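# Descriptive structure summary
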Amino acid sequence: MSTAVHAVYSPTPADGYITETSALQATTENLIKSHVPPAGESQVELHKRCHFEFLVRNLRQGFPERYTSQDASQPWLIYWTLHGFSILGAGLDDLTKKRTIDTLLALQHPDGGFAGGPGQAAHLLPTYASICAFAIVGRPGSGGGWEAIDRKKIYDFFMSLKQPDGSFLVSHHGEVDVRGIYCLLAVATLLNILTPELLSGVPDFLATCQTYEGGFGNASFPGWAFEADDPESQKDPAASFDPTAPRPPLGEAHGGYTFCATASWVILQSYIDLYYARPGEMPSASLPRRPQINTRGLLRWCVQMQGLPIELGGFRGRTNKLVDGCYSWWTGGCVVLVETLLGVTTHHEPPTEENAGEEDGHKAWDDVDDSLFNRRALQEYILCAGQHPAGGLRDKPPKPADAYHTLYCAAGLSAAQHRVIPSEPRRKAVISAWDADQARAHDNTGFVTTSDVDREKLDALRRETCAHVLSWSEEEGTALYVGGAANRVNATHPLLNLTVTHSDSMMAYFYGQTLPARIPARSRT
Amino acid sequence: MSELFADDPEWADVVPIRQYENVNPIAPIFYSEEYKDATDYFRGIIKTGEMSPRVLKLTEKIIRMNPAHYTAWQHRYKTLIAIKADLEEELRLMDVIATQFMKTYQVWHHRRLLLTAINSVDVAVLELDFLRDVLKLDTKNYHTWSYRQWILAHFNNETRLWARERAYAEQLLDADVRNNSAWHHRFFVVFSSGVRLGDEDREQVLRRELSYAKEKIALAPNNLSVWNYLRGVLEFTDTPFETLTSFVEPYTASRRLASGEEVLDLDNPLPSEKAELPCVAALEFMADIYEKRAGDAIAKAVEIWRSLADERDVMRKKYWEYRIRDALQKA
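Residues numbered from 1 in each chain as written. Chains lettered and ligands numbered in written order. Predicted model: local features only at pLDDT ≥ 70, side-chain atom pairs only at ≥ 80, totals over all residues. Heavy atoms only, no water.

### Section: the interface of chain B and chain A
Counting from both sides, the interface comprises 83 residues of chain B and, opposite them, 94 residues of chain A. Across the interface of chain B and chain A, roughly 7500 Å² is buried in total on both sides, 54% from carbon and sulfur atoms. Interface area lost by chain B to chain A is led by B:Ile26, B:Tyr142 and B:Met315, which between them contribute 12%. Where chain B touches chain A, the interface holds three salt bridges. Here A:Arg300 and B:Glu284 are joined by a salt bridge, their closest N and O atoms 2.7 Å apart. Counting every contact that joins chain B to chain A gives 52 residue pairs in polar contact (both at pLDDT 80 or more). When the residues that make up the side of chain B that touches chain A are grouped by side-chain class, the tally is 36 nonpolar, 29 polar and 18 charged. (Contact = heavy atoms within 4.5 Å. Buried area = accessible area lost by both parts, 1.4 Å probe. Salt bridge = Lys/Arg side-chain N within 4 Å of Asp/Glu carboxyl O. Polar contact = N/O pair within 3.5 Å; in protein donor to acceptor, adjacent residues only side chain to side chain. Nonpolar A, V, L, I, M, F, W, Y, C, P; charged D, E, K, R; others polar.)

Quick look at the structure:
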């Protein structure tokens, strides 16, 4: 039974006081409401074939001229398409993989990092997209592409963008933006190029990007706290730091930035534990005060972004803006990350046979489902409003489909279908099989530790970060497929947005580890 | 008549470079002839490192066809600096592009680089005026607002830049009280960026902001922006939510008091006649008050969360139930 049972499809109350925002909201609600699912869930079908064909058309025939606007995002087009395939459950033939690898390598900049197109400047965002695409199509060994990724140069490129306030420019002469930080951290984690000098100040910077609403904006202003506000100048970054000066966030709380900041914060937990004072501990020169974010405020903001029943439970990206399919991932997909930070994610015993049934088992199922957002409604939004009849997925009706929305709607659907959370047994298994010497030998940064203590800390940083990221697994018995199992899509990693298979393989290779097999579902204790 | 660089004798000395050599790229884009031509020549001058007036023409052409081409922007900026171009003239040239392509990052970042290089408060004043015009077209443009906030912080001039900002935010909120970008801007100006000239009495500022928020809530209570603002102000100033109990209570009732029953209280404006009550945000606020009070009040919080979960805000059922669990666990 859909939310129709609970919902009166009431419009957002306008209190008899119409403004541009409420008028646009009302029009949109009428539009979305007309896509309410007909009685009987089974009629709501994910047209996988159509969406495959939409993606395949782009891959085989190429992108139409209007995609010129994405000419500086070519690896994104590739990643959105290939990861779209991964989620929808399609494999790629070897020739396609080879052509993709060759294309991606043409985007690698001679000075390090990847660019939006051949001959363009290296940039953090296309670097993430390229590395993720490599995770999907590449493999170890000659011709597999992974060997040809110049990790040392990527590291140097990252360090060349580092700012005094802990942030990074996205490219030379580029802007500071939390999306860039997320992309950098995801890549550094996948490629085993994490170091304390790379991560220094990043948590502090991220914390300054949280707004009073609880979500995150795109950056913060460093100029009062750090003398060097101007990346165009060559001022000494260590010149002066005033910890009491305000570092206000720039830009309101926004779904995309909130996902990037939150995922970054989760990835950085191991770094924070090792390089900052413990909560309650006296900070010192070597262990500074731990930066904090308002986790409860963040949770509140994220769940407030889910639309009303009349909006079919889609997510919006900002307060008082319209719902959009892509926020299914950015905002909807962020909720599980926040749950993790709050410590409310634990793998449970799966439901018993008595209560696992579809129809009358809903209540029991709901009791077992710990997700703090409405998974059922989000799936309904994507299935009913997000699918374009001619193939591909979209923002909302009647907009056309595009590669970006196809991926993020699919990923959002995946996040609503599958509850993927950190697994403590999995994490422990990775740690007990951990080969620190191999991990250290595979570090390609050229970063040198100057003491045994520092070396051990860096070993721990690598091990703990890697083990945490690799520990995310689907919680058994918690899958929910609106419209039935035929609508099932593959699970995706909530931090990286790659399948667990792809992220496991890439990280095993770059950390020099042989990962223990993932314990098959039934025998988990 | 061809507009291609390939046919232009002025560009005969440049060797155009195709995008992909010896690679059959996956998922190619079907560029127009003009775009392919311009970017082939762009790759050509990148290779030679040319920074000259004609490069400005080339990059402008590319930017107009693809305003997201960050490398073209980057090289344009470097060229402007290298040839010591008139940066204010560049700003004016960019005005039309900014208006046309206002949803693109690079357009705004370029202006920011120019403002930084010009380093003039006079120009910053003009820029803020320009941004007002842009925001008229798209009142919530993210990059524009973020850039506006950066200008204010970077130049940090109280009398010439900060002074009119709160009024500007108010003007926008008069036009649309649901404009979250304007609320965020108000918070930025009044609280997150230090103390404004004239705002040194923080108690007075707090009273003023609370009064403003309450007035806007009374006007249209089902507006998450203003409740988030109110909560933000209270949290920032460490003011307990409890202090607003009398104000919030009428918003949690199912109906307004009939006229004649109400007592005019300037500190606690009542919901407007057409307000649709109870409003969810007010119920949430009340529950937060009860939770903070703790002890016996927890049961009252739970009652509200239960009603939200089951009836008033069912979409967030799981969240409200989490709040119940969490409060009971701590009790």
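### Here's the deal with unusual backbone geometry
Residue A:Pro398 follows A:Pro397 across a cis peptide bond; omega there is 0°. Residue placement: A:Pro398 occurs in the loop between helix H16 (375-386) and helix H17 (403-417). Residue B:Pro278 follows B:Leu277 across a cis peptide bond; omega there is -5°. Within the element layout of this structure, B:Pro278 appears in the loop between helix H12 (245-248) and helix H13 (280-293). Positive phi, normally seen in glycine, also occurs at B:Asn119, with a value near 55°. Along the chain, the position of B:Asn119 falls in the loop between helix H5 (105-118) and helix H6 (121-137). (Helix = DSSP H or I, 4+ residues; strand = E, 2+ residues; numbered from the N terminus.)

### Quick look at the environment of A:Thr258
Residues and elements named next belong to chain A. Within the element layout of this structure, Thr-258 appears in helix H10 (residues 255-267). Note: C-alpha distance between Thr-258 and Lys-428 (170 residues apart in sequence) is 29 Å. Those residues within four positions of Thr-258 in sequence are excluded, and the remaining contacts are Gly-215, Phe-216, Leu-298, Trp-301, Cys-302 and Cys-334. Polar contacts involving the side chain of Thr-258 include one to the main-chain carbonyl oxygen of His-254, which spans 2.7 Å.

### Details of the layout of surface pockets
Approximately 1300 Å³ is the volume attributed to the second largest pocket. In terms of lining residues, the second largest pocket is bounded by 45 residues, among which A:Asp204, A:Ala207, A:Thr208, A:Arg247 and A:Pro291 are the most central. Taken together, the elements giving at least two residues each to the lining of the second largest pocket come down to helix H9 (202-208) and helix H11 (269-275) of chain A together with helix H9 (180-192) and helix H11 (224-236) of chain B. With four residues, the top contributor of residues to the lining of the second largest pocket is H9(B). (1 Å grid on protein atoms, 1.4 Å probe; cavity = no way out; pocket = protein on both sides within 12 Å on 5 of 7 lines; lining within 4 Å. Points joined across faces, edges and corners; volume = space filled by probe spheres on them.)

### Quick notes on the pattern of salt bridges
All names here are of chain B. Tallied over the full model, the rule gives 61 salt bridges over all chains. Across the pair Lys-216 and Asp-174 runs a salt bridge whose closest N-O atoms are separated by 3.6 Å. Highlighted residues: Lys-216 in helix H10 (residues 202-219) and Asp-174 in helix H8 (residues 165-175), separated in sequence by 42 residues. Note on Lys-216: relative accessible area 7%, which makes it buried. Taking the shortest distance from any N to any O, the salt bridge between Glu-242 and Arg-293 comes out at 3.0 Å. Placement of Glu-242 in the loop between H11 and H12 and of Arg-293 in helix H13 is noted, with a sequence separation of 51 residues between them. Given a relative accessible area of 33%, Glu-242 falls into the partly exposed group. (Buried < 20%, exposed > 50% of the residue type's maximum accessible area, 1.4 Å probe, protein only.)

### Digging into empty space enclosed by the protein
Counted under the stated rule, the structure contains five cavities of 30 Å³ or more. For the second largest cavity, the full set of lining residues is A:Glu175, A:Val176, A:Asn218, A:Ala219, A:Leu250, B:Tyr105, B:Trp108, B:His109, B:Arg112, B:His143, B:Ser146 and B:Tyr147. Broken down by secondary-structure element, the contributors of at least two residues to the lining of the second largest cavity are H5 and helix H7 (142-155) of chain B. Of the residues belonging to the lining of the second largest cavity, the class tally is six nonpolar, four polar and two charged.

### Remarks on the confidence of the model for chain A
Residues and elements named next belong to chain A. With 90% of its residues at a pLDDT of 70 or more, chain A has an overall mean of 92. Predicted confidence for residues 1-7 stays below pLDDT 50, and this span has 12 contacts to residues more than four positions away or in other chains. Taken as a whole, residues 354-361 scores under 50 in pLDDT and shows four contacts with residues more than four places along the chain or in a different chain. (pLDDT = per-residue confidence, 0-100.)

### A short note on the packing of helix H6 (residues 151-160) of chain A against helix H7 (residues 178-191) of chain A
All names here are of chain A. Viewed as axis vectors pointing N to C, H6 and H7 meet at an angle of 150°, and their least axial separation amounts to 11 Å. Judged by the inter-axis angle, H6 sits roughly antiparallel to H7. As for how H6 packs across H7, the hand of that crossing is left-handed. Residue-level contacts link Arg-151, Ile-154 and Phe-158 of H6 to Leu-184, Val-187, Ala-188 and Leu-191 of H7. Residues belonging to the contact of H6 with H7 are distributed by class as follows: six nonpolar, no polar and one charged. (Axes fitted to C-alpha atoms, helices over the stretch in contact; angles between N-to-C directions. Parallel < 35°, antiparallel > 145°, perpendicular 65-115°, else oblique. Left-handed = near helix turned anticlockwise from the far one by under 90°.)

### Overview of the environment of B:Lys136
With respect to the helices and strands, B:Lys136 occurs in helix H6. Between the alpha carbons of B:Lys136 and B:Leu172 there is a distance of 9.3 Å; along the sequence they are 36 residues apart.

### Side note on H6(B)
All names here are of chain B. Across its 17 residues, H6 extends 25 Å between first and last C-alpha, which sits within 8% of the 24 Å expected from 1.5 Å per residue. Restricting attention to buried positions, one finds in H6 the residues Val-123, Ala-124, Val-125, Glu-127, Leu-128, Phe-130, Leu-131, Arg-132, Val-134 and Leu-135. Structurally, H6 contributes buried residues whose contacts are with helix H4 (87-100), H5, H7 and H8. The backbone nitrogen of Asp-122 lies 3.2 Å from a side-chain oxygen of the residue at the head of H6, namely Ser-120. (Expected span 1.5 Å × (residues − 1).)

### Here's the deal with helix H14 (residues 297-312) of chain B
Residue and element names in this part refer to chain B. Taken as a whole, H14 has its buried residues at Ala-297, Ile-298, Ala-301, Val-302, Ile-304, Trp-305, Leu-308 and Ala-309. All buried residues of H14 project into a common sector of 165° when viewed along the axis, lining one side. Opposite the buried face of H14, at more than 90 degrees from it, the exposed residues are Ala-299, Glu-303 and Glu-311. Buried residues along H14 sit against H13 and helix H15 (317-330). (Arc of directions from axis to C-beta.)

### A word on the packing of aromatic side chains
Under the defined criterion, the tally for this structure stands at 48 aromatic pairs over all chains. Judged by centre distance (6.5 Å) and plane angle (35°), the ring pair of A:Phe52 and A:Phe85 falls under tilted. Of the two residues, A:Phe52 is situated in helix H2 (residues 48-61) and A:Phe85 in helix H3 (residues 74-88); the sequence distance between them amounts to 33 residues. Given a relative accessible area of 4%, A:Phe85 falls into the buried group. Each ring, one from B:Tyr31 and one from B:Tyr35, has its centre 5.3 Å from the other, and the planes form 25°; the classification is stacked. Taken as a pair, B:Tyr31 and B:Tyr35 share a single burial class, namely buried. (Phe/Tyr/Trp six-rings, centres within 6.5 Å; stacked < 30°, edge-to-face > 60°.)

### Some points on the environment of B:Tyr70
Residue placement: B:Tyr70 occurs in helix H3 (residues 70-82). Remark: the alpha-carbon pair of B:Tyr70 and B:Gln100, spanning 30 residues in sequence, is separated by 17 Å. Beyond its immediate chain neighbours, meaning those up to four positions away, B:Tyr70 contacts A:Ala72, A:Ala115, A:Gly116, A:Gln120, A:Ala121, A:Ala122, A:His123, A:Pro126, A:Ser171 and B:Gln106. A polar contact is formed between the side chain of B:Tyr70 and the backbone nitrogen of A:Gly116, at a distance of 2.9 Å.

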